[in-house]
Amino acid sequence: MEGFYSIVSVFYIVARYIEVRYSWPMPPLSEQVFHILVALADRDRHGYSIMQDVAERTNGKIRLSPGTLYGSTKRMLEQGLIEELTGLKRPDVADDDDRRRYYRLTPYGRKVVRAEAARLAEMVDQARAYGLAPKRG
Amino acid sequence: MDLLPSAVKFYRLLLLAYPAEFRNEYGGQMEDVFAGRLASEPRLRVWLDTIADVFYTAPREHLSVLWGDLRYSAKLLAQAPSFTLVALLTTALGIGATTAVFSVMNAVLLKSLPYSEPERLVYIWVPIPALKLPGGLQFGPTAPEFYDLEKSNRSFERLATFNGESYKLAQGDGMRVIGGVAVTGDFFATLGTKPELGRAIERDDDEPGHDNVAVIGHTLWLTQFGGAPDVLGKSIRLNRKTYRVIGVMPPGFAYPHYFEASGGADTHTPEVWMPYAMNVKDRADRSNITGAVIARLRSGVSLKQAQTEVNAFLAHEDKLRPEFLRGGHASVASFLETAIGEVRKLAWLLMGAVLFVLLIACSNVANLLLARAATRVNEMGVRSALGADRSRLIRQILTESVSLSFCGGLLGVLFAFAAVRILVLLNPGTIPRLEETSVNGAVLAFALAVSLISGILFGLYPAFSLSRTSLTDLLKRTGNKGIAGSANHTRHALVVIEICLSVVLLAAAGLLIRSFLKLQNVNTGFAQSTLAGRMQLDGNYNNDASIRDFYRWLIEKTRTLPGIQQAGLISILPLSNTGSISLFDVEGYANKEDQTIENASATGDYFRAMNIKLLKGRLFDNSDAPNHPTVLIISEACAKKYFKGRNPLGGRVYFSRGTGPQPYSTVIGVVADVSTSFSLEAAPNPFMYRSFWQSPQPQAFLALQGTQTTRAMRTLGKIVHERDSGLAVTDVHSMSERKSEFEAGRRYQTVLLSSFAAAAFILALVGLYGLMSYSVRQRSAEIGVRMALGATRAQILGMVMKQGLSLTSTGLAIGLLGAAGVTRFLSSMVYEVGVLDPATFVAVPAAFLAVATAACCIPGSQATRTDPVQTLREQ
């Protein structure tokens, strides 16, 4: 029995090594998806609010059109990056419209957007080291 | 915020570009976002952004839905492997056959000819009423008319004449006979083609003394010169004359095909073109008739205008012709129609037949889908309950059927590759450019389109039928398996249609098969086993004595070879596409002016070698020497026509060429009719044979009968070449091979149409069997109850057979009516068989009924094995 467990353990260690060493990295997020996830990192929002937040944060450089916003929303829901808030989960806000649908960043979605932010920061640091990006401060 | 300004209403219209599902899910919010942006940003910018957004994201959403549907379809098809396999194979057969036939049409009819603006090319024919040429051949103008027309016309940019012949190409120590064409200087310029190397023949080359140049074909360049780039300036030796190569034609150029050239070339594809170089005397000779004249219309000139000018010109020239050449009316005929007119009929016949096969295949798959739809009612009901509207369900089911047809189409294209190779391999030699058939881009695009249309065709009804399922229907079906089983009228109708279409094809194929069998059984009048080879003496043998000496030597040599029982000579062999006609009068017959007859010079042993039956009198013998009274043997048809009611033996025939009568010839024998030189199907014409030794000809066929004829012919070829290096024995074939060549065209169309008819027959029977099996399963409860109530197995079998055979009979009846209407279009393609041939119209339905009975017996016998207890328990 001990021998059996040893073999299983070795097999598990080898499989995990292969998974970690050779697994495909998560592909970069598109600009629109990144900004939507950032908007939801702050708080739960509905679509129009997401659009406003992104426009404000980027000083009007990125203005999400409805097709892009909700197409991305649909895919993020399918991928589990965000979830829709229904019933009691809906935020209790004044002047709420029943037609509005609220979305929340999932833990997995938070992890993904953090990883993407770290990747972007690393790229900027590398560019900065070569004098291609402005220094901090 | 006021969310409904008119701009938002317009935006709502733009949202129709999105899939309905997406629109229903997010449409309201998208309007909110749009309205919000419109309120806070410049309007023009918002509209431009939004319209661009719709253009970009709407197709993406549709693709996302399509991808989802495709993945689901693949999963469903994988879960039903037998259904998928049968559907794929059926679709592949239909699409593959259609693609293969289209690839033939594309190469033969649709692909552009290798000439510049071929629609401006015309032939000029001038028939001679007194000389009815056998084999449908036509004449061009005389040489002086051609050159005068070339100088004085207003309708044509250029004219050219040409004459196809066999040429003996010297190769090492041996010789090979190739097809070649003598052309006037503007030949290539008229066609609008250029060589791939060097230059074409020009007017300066077309003069005696300057004519030792030649343009060779691409294949000859490869075989004779190894494709060497420095071929220009090299020599080839043809018919003892040396020519310098000045140009190489591109691959695929093979004009004129043998049926477009006169001169009786015994090979189909010309490989060399050289100048005609007519001398001054021949150009002025008003009895020198050209073989064919091709011309290019000037821009803006119509065929009718050219016809008017040519008519006026030749009306004047006719008076200058010798009397026996007068009276013809010129015709200016479209080159394209001449080249592909006959082939077009066959191509459309095959396309029609293969489309029938495709329709039957689609019906079969539609039936399979309908049967399968019954098992998906629950799925559709649940989807409908969860909010999928009808269009969404239709879209999904059509995606399944189109993806099935695309996969079948892929298999079908593989099948088409193989089928095209077979079609080209069976080339009868009478269809121009068939050898260029291939599965190219245009054919693949056609296959794609056919796959798409087929998928929609066979998926449409099942899609509409299944998408009607609602939650109410779903609830109603639960607990009720439909004891009586509902008659599926659509499936029955599809099977009846399949039977109709296959009966039409079977009837058409039956007529062609009967015609082909009649042709195969034609009494040719000669032995099939006789071997014949052709000899053509050239200018070195320019008198009767030298010709006679050569052929006497040849016959003597032949008689010394082992295994030869009979050896004879004839100048015009049956089924050899060569001909000779003479003007003649028969003493004691009401002769017409300028009457002509086909004739040949033959030895007495020729008739023995060919087993041609002597009916009266005697054959030629040694007493029929050159300085003796000239004698004739006539054919049975000739005796019936010109010696009706009297004994032809001793009759006198006068041959004249319009320059004064020659001495008469006396009829010494009557032989049985044989097939003509140009057609296996035409009834034998009256024919006269002169004694070869009294009337020697430079061209002669040597006919051998015996046990070692092939070896003997090979030996003779060597002996002849040793005696004279400029001579060769060519066109060596047995008479059965020659007959088979003449059957090739009819064989080709019969084999193809029969293949399609067989495919249609099998598909229709599979459809009928499938329907009956399904019906038995559907009615299993009813059958169980009947058996429980005392019905016998015979009664159950009878019930199933009655359903199957009534469908079959309905299909047969309508199909026979359809066949009677369609087969009338085959009247020009049948031989010795009426288009409503009773044998065919009885045999086809009888055979179909017999096989359909067997197809219905199997599910019928399965029904008799139903266990009523088990069945009722399952209810």
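Shown above is the structure to which this text applies.
In this text, all values refer to a predicted model and were calculated from it rather than measured experimentally.

Caption draft 1: Spotlight on the overall build of chain A. Within chain A, the secondary structure is distributed over five helices and three strands. Listing every helix and strand of chain A by position from the N terminus yields α-α-β-α-α-β-β-α. A burial count over chain A gives 34% of its 137 residues as buried. Put simply, 46% of the contacts in chain A that link residues at least 6 apart link residues at least 24 apart. Accessible surface computed for chain A: about 9,400 Å², of which carbon and sulfur atoms make up 58%.

Caption draft 2: Molecular detail of the overall build of chain B. Across its full length, chain B holds 24 helices and 21 strands. A compact globule built from 875 residues should have a C-alpha radius of gyration of about 29 Å, whereas chain B, at 37 Å, is more than 25% larger. If one aligns the C-alpha atoms of chain B with their principal axes, the spans along those axes are about 115 × 85 × 50 Å. Burial status across chain B gives 53% buried among its 875 residues. Taking contacts inside chain B between residues at least 6 apart in sequence as the whole, the part at least 24 apart equals 81%. A total of about 39,000 Å² of accessible surface is found on chain B, and carbon and sulfur atoms cover 59% of it.

Caption draft 3: Region of interest: helix H4 (residues 66–79) of chain A. Residue and element names in this part refer to chain A. When the terminal C-alpha atoms of H4 are compared, their 20 Å separation across 14 residues agrees well with the 20 Å that a helix rising 1.5 Å per residue should span. Burial analysis of H4 places ten of its 14 residues in the buried class, the great majority of the element. Among all positions of H4, only Pro 66, Gly 67, Thr 68, Leu 69, Tyr 70, Gly 71, Ser 72, Thr 73, Lys 74 and Met 76 are buried. Phi for Gly 80, located one or two positions after H4, is positive at around 80°.

Caption draft 4: Structural context of the nonpolar core. By size, the foremost hydrophobic cluster in this structure holds 74 residues, and its most contacted members are Phe 756 and Phe 848 of chain B. At the level of elements, helix H4 (81–110), helix H10 (335–373), helix H12 (390–425), helix H15 (489–520), helix H20 (735–778), helix H21 (780–788), helix H22 (793–822) and helix H23 (838–864) of chain B are the ones that each hand at least two residues to this core. Excluding residues within four positions of it along the chain, Phe 848 of chain B makes contact with Ile 499, Ser 502, Val 503, Leu 506, Phe 761, Ala 764, Leu 765, Thr 808 and Leu 812 of chain B. Counting 38 residues, the second-largest nonpolar core is a separate cluster that includes Ile 36, Met 51, Leu 69 and Tyr 70 of chain A.

Caption draft 5: Structural detail: helix H13 (residues 441–467) of chain B. All names here are of chain B. Its 27 residues give H13 an end-to-end C-alpha distance of 37 Å, which sits within 8% of 39 Å, the value for a rise of 1.5 Å per residue. The largest bend in H13 comes to about 40°, at Gly 459, with the proline Pro 462 one to four residues further on. Looking at H13, one finds that the buried residues are Val 443, Ala 447, Val 450, Ser 451, Ser 454, Gly 455, Phe 458, Gly 459, Pro 462, Ala 463, Leu 466 and Ser 467. In this structure, the buried side of H13 is in contact with H4, H10, helix H11 (377–385) and H12. Where H13 begins, one side-chain oxygen reaches toward the backbone nitrogen of Ala 442, 3.2 Å away; that side chain belongs to Asn 440.

Caption draft 6: View of the packing of H21 of chain B against H22 of chain B. Residue and element names in this part refer to chain B. Packing of H21 against H22 leaves a shortest axis separation of 10 Å and a crossing angle of 150°. Between H21 and H22, the angle falls in the class roughly antiparallel. Crossing handedness for the pair H21 and H22: right-handed. Taken together, the residues of H22 that come into contact with H21 (itself represented by Glu 782, Ile 783, Arg 786 and Met 787) are Arg 793, Ile 796 and Met 799. Residue classes in the contact of H21 with H22 are distributed as four nonpolar, no polar and three charged.

Caption draft 7: Seen up close, the interface of chain B and chain A. Between chain B and chain A, the residue contacts involve 23 residues of the former and 19 residues of the latter. When chain B packs against chain A, close to 1,900 Å² is buried across both sides, 51% of that on carbon and sulfur atoms. Of all residues in chain B, Tyr 26, Gln 29 and Val 33 of chain B bury the most surface against chain A, accounting for 31% of the area lost on that side. Counting across the chain B and chain A interface gives four salt bridges. Notably, a salt bridge pairs Glu 61 of chain B with Lys 74 of chain A, separated by 3.0 Å at the nearest N-O pair. At the surface where chain B touches chain A, the tally comes to eight residue pairs in polar contact (both at pLDDT 80 or more). When residues of the side of chain B that touches chain A are traced back to their parent elements, those giving at least two are helix H2 (20–40) and helix H3 (43–79) of chain B. In terms of residue count, the dominant contributor to the side of chain B that touches chain A is H2 of chain B (ten residues). Residues belonging to the side of chain B that touches chain A are distributed by class as follows: nine nonpolar, five polar and nine charged.

Caption draft 8: Examining the pattern of salt bridges more closely. One pass over the full model with this rule turns up 44 salt bridges over all chains. A salt bridge links Glu 681 of chain B to Arg 746 of chain B; the nearest nitrogen and oxygen atoms lie 3.0 Å apart. Placement of Glu 681 of chain B in the loop between strand E18 (665–671) and strand E19 (687–691) and of Arg 746 of chain B in helix H20 is noted, with a sequence separation of 65 residues between them. What makes Arg 746 of chain B buried here is its relative accessible area of 9%. Overlapping salt bridges bring together Asp 42, Arg 45, Asp 53 and Arg 57 of chain A as one network.

Caption draft 9: Local environment of the sheet that holds strand E3 (residues 102–105) of chain A. The strand order E1-E3-E2 (chain A) describes an open sheet built from three strands, whose pairing is antiparallel. Strands with a single pairing partner mark the edges of an open sheet, and in this sheet they are strand E1 (45–46) and strand E2 (82–85) of chain A.

Conventions we followed
Residues numbered from 1 in each chain as written. Chains lettered and ligands numbered in written order. Predicted model: local features only at pLDDT ≥ 70, side-chain atom pairs only at ≥ 80, totals over all residues. Heavy atoms only, no water. Helix = DSSP H or I, 4+ residues; strand = E, 2+ residues; numbered from the N terminus. Buried < 20%, exposed > 50% of the residue type's maximum accessible area, 1.4 Å probe, protein only. Contact = heavy atoms within 4.5 Å. Areas by Shrake-Rupley, 256 points an atom, 1.4 Å probe, with all protein chains shown as cover. Rg over C-alpha atoms; globule rule 2.2 N^0.38 Å. Expected span 1.5 Å × (residues − 1). Core = buried A, V, L, I, M, F, W, Y, C linked by side-chain atoms within 4.5 Å. Bend = angle between axes of the 7 residues up to and from the residue. Polar contact = N/O pair within 3.5 Å; in protein donor to acceptor, adjacent residues only side chain to side chain. Axes fitted to C-alpha atoms, helices over the stretch in contact; angles between N-to-C directions. Parallel < 35°, antiparallel > 145°, perpendicular 65-115°, else oblique. Left-handed = near helix turned anticlockwise from the far one by under 90°. Nonpolar A, V, L, I, M, F, W, Y, C, P; charged D, E, K, R; others polar. Buried area = accessible area lost by both parts, 1.4 Å probe. Salt bridge = Lys/Arg side-chain N within 4 Å of Asp/Glu carboxyl O. Pairing = 2+ DSSP bridges.

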